[in-house]
Amino acid sequence: MLMRTDPFREFDRLAQQVFGAPATAGRPSAMPMDAYRSGDDFLVHFDLPGIDPETIELDVERNVLNVRAERRSPAPQDAEMIVAERPAGTFTRQLFLGETLDTERIDASYEAGVLTLRIPVAEQAKPRRIQISGGDSDRKQITG
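What counts, and at which threshold
Residues numbered from 1 in each chain as written. Predicted model: local features only at pLDDT ≥ 70, side-chain atom pairs only at ≥ 80, totals over all residues. Heavy atoms only, no water. Salt bridge = Lys/Arg side-chain N within 4 Å of Asp/Glu carboxyl O. Buried < 20%, exposed > 50% of the residue type's maximum accessible area, 1.4 Å probe, protein only. Pairing = 2+ DSSP bridges. Helix = DSSP H or I, 4+ residues; strand = E, 2+ residues; numbered from the N terminus. Axes fitted to C-alpha atoms, helices over the stretch in contact; angles between N-to-C directions. Core = buried A, V, L, I, M, F, W, Y, C linked by side-chain atoms within 4.5 Å. Contact = heavy atoms within 4.5 Å. pLDDT = per-residue confidence, 0-100.

Quick notes on the pattern of salt bridges
Here is step 1: Going through the model one piece at a time under the given rule, you end up with 4 salt bridges.
Here is step 2: Of the charged contacts in the structure, one is a salt bridge between R72 and E70, with a shortest N-O distance of 3.7 Å.
Here is step 3: In this structure E70 comes out as partly exposed when scored by relative accessible area, which is 25%.
Here is step 4: Measuring nitrogen to oxygen at the nearest pair gives 3.2 Å for the salt bridge that ties D102 to R105.
Here is step 5: For D102, a relative accessible area of 16% translates into the label buried.
Here is step 6: Relative accessible area serves as the criterion here: at 46%, R105 is assigned to the partly exposed category.

Some thoughts on the sheet that holds strand β2 (residues 33-38)
Here is step 1: Strand order in the open sheet formed by 4 strands is β2-β3-β8-β7, and the pairing between neighbours is antiparallel. Taken across any chain shown, the strands that pair with only one partner, and hence form the sheet edges, are β2 and β7 (107-111). Here the average twist between neighbouring strands, direction ignored, is 15°.
Here is step 2: When β2 meets strand β3 (residues 41-47), the two strands line up antiparallel, connected through 6 bridges. Counted as the bridge partner of A35 is V44 from β3.

Some words on the environment of T92
Here is step 1: Along the chain, T92 turns up in strand β6 (residues 89-97).
Here is step 2: Judged by relative accessible area, which is 31%, T92 ranks as partly exposed.
Here is step 3: Between the C-alpha atoms of T92 and E57, which are 35 residues apart in sequence, the distance is 9.4 Å.

Digging into the nonpolar core
Here is step 1: Of all hydrophobic cores here, the largest spans 19 residues; its most connected members are V44, F46, L48, L95 and L115.
Here is step 2: Among the elements of the structure, β3, β5 (64-71), β6 and β8 (114-120) are those that each provide at least two residues to this core.
Here is step 3: Look past the residues within four positions of L115 in its chain and what remains in contact with it is V44, H45, F46, L48, I56, L58, V67, A108, S109 and Y110.

Some words on the confidence of the model for the protein chain
Here is step 1: In this model, the protein chain carries a mean pLDDT of 81, and residues with pLDDT of at least 70 account for 71%.
Here is step 2: Ignoring residues within four places in sequence, the model shows residues 24-28, a span with pLDDT below 50, making 9 contacts including any to other chains.

Structure (structure tokens):
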């Protein structure tokens, strides 16, 4: 199971809308995501348009997945900006992964501005049949 807790995400989004502040290393911006289960995998899609794949960092520590990416401004350092609506800077996101996911086998790909993670369900968390033996010759199985 995937658990989502980020109590400050909505405050960040509201502040960005009201003040128009770009993302910085000190105040990273949230990245939109979709997450769902499909068969024996959880899939997570992050919108990261214009991100150089070399700047994307993923790490897992104690079932916490950290995603970090950086978008640099395409304008030269000495350029006079006329309009700057596209956020630049550091983008981070943290996901709390349940014990039922196999964090050793996470697969990541980046295509068309979308980072996709495929996280398999751990073998021990998958449903399995348990054999029941009894005194009579008829054996029964229970799905558990």
